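Residue-level structure breakdown
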Amino acid sequence: DVCSSDLTLAADMSTVLADQGRLAEAEAEARKAVLDGFGHTLEGTYFLLGLAKILYAQGRYRDAEILTRRAINIYQVKCVPRSSINLALARQRLAEALAGQHRWKEALLQFETIEENVGPVDPETLDRLFSTNLDWGLSLVESGRFGEAVQRLQGALAKLKEQFGASHYRTDRKSTRLNSSH
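Here goes a summary of the coordinates provided. Since this is a predicted model, take the numbers as computed values, not measurements. (Residues numbered from 1 in each chain as written. Predicted model: local features only at pLDDT ≥ 70, side-chain atom pairs only at ≥ 80, totals over all residues. Heavy atoms only, no water.)

1. Re the nonpolar core
Generally speaking, soluble globular proteins have nonpolar side chains that are buried together. Grouped together as the largest cluster of nonpolar side chains are 39 residues, with contacts concentrated most on L67, Y75, I114, F130 and W136. Mapped by element, the contributors of at least two residues to this core are α2 (23-35), α3 (42-57), α4 (61-77), α5 (85-100), α6 (104-118), α7 (123-130), α8 (134-142) and α9 (146-164). When residues in this core are grouped by element, the largest group, eight residues, is from α5. Non-local contacts of L67, meaning those with residues more than four positions away in its chain, are made with L48, L51, A52 and L55. (Core = buried A, V, L, I, M, F, W, Y, C linked by side-chain atoms within 4.5 Å. Buried < 20%, exposed > 50% of the residue type's maximum accessible area, 1.4 Å probe, protein only. Helix = DSSP H or I, 4+ residues; strand = E, 2+ residues; numbered from the N terminus. Contact = heavy atoms within 4.5 Å.)

In structure tokens:
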């Protein structure tokens, strides 16, 4: 019988391995945590989303989407409030997986759901956690909502310049996307 601390250790190990670029090993550790884990419990969402993150990093966007939808379903079945940050972060992961598949309108729907659910309750957290997401701006561009995209990407770029400086790779990446959307 596997105890909770062993599962958490496996999930944390998968994160470390993924950060080192050792994605195959990271996936194996994350799968161990999911398969030995908590099934359809709120605790299990941590492991599902961890594995989804690794699959996303491998370019396996459809697999990441499936696991993320499963985690969101668990949140909904367990009656987690719509304004929950954990649920919002799962929706962001889903939106990113959808964007990876060029399913822009579906991705945009997830971002807008985050904004509708979290914004009225906690606008500061919404801004802090989600305002610099490149896929949100790109989903707006690809959905033909150019004005909103430029506004969102300009805001993201300003925040990134403030946070990292103008020459940081994340800032440069947003600047390139903003210039291409004009």
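2. Focus on the side chain of T68
In this fold, T68 is placed in helix α4. We classify T68 as buried; its relative accessible area is 0%. Once residues within four sequence positions are removed from consideration, T68 is found in contact with L49, A52, A90, R93 and L94.

3. Structural notes on the pattern of salt bridges
Side chains that differ in sign of charge can pair as their charged atoms come close. Here the structure, examined in full by the defined rule, presents 11 salt bridges. The residue D63 makes a salt bridge to R60 at a minimum N-O spacing of 3.2 Å. Looking at R60, the relative accessible area reads 29%, which means it is partly exposed. Close ionic contact of K159 with D127 constitutes a salt bridge, the shortest N to O distance being 3.1 Å. Linking K159 in helix α9 with D127 in helix α7, this pair joins segments that are 32 residues apart in sequence. Judged by relative accessible area, which is 36%, D127 ranks as partly exposed. Counted as one network, the salt bridges with shared partners bring together R62, E65, R69, R103 and E106. (Salt bridge = Lys/Arg side-chain N within 4 Å of Asp/Glu carboxyl O.)

4. What to know about α4
Taking 1.5 Å per residue as the helical rise, α4 with its 17 residues ought to reach 24 Å, and the 24 Å between its terminal C-alpha atoms agrees with that figure. Restricting attention to buried positions, one finds in α4 the residues A64, E65, L67, T68, A71, I72, I74 and Y75. Where α4 is buried, its residues contact α3 and α5. Positive phi shows up at C79, right after α4, with a value of about 60°. (Expected span 1.5 Å × (residues − 1).)

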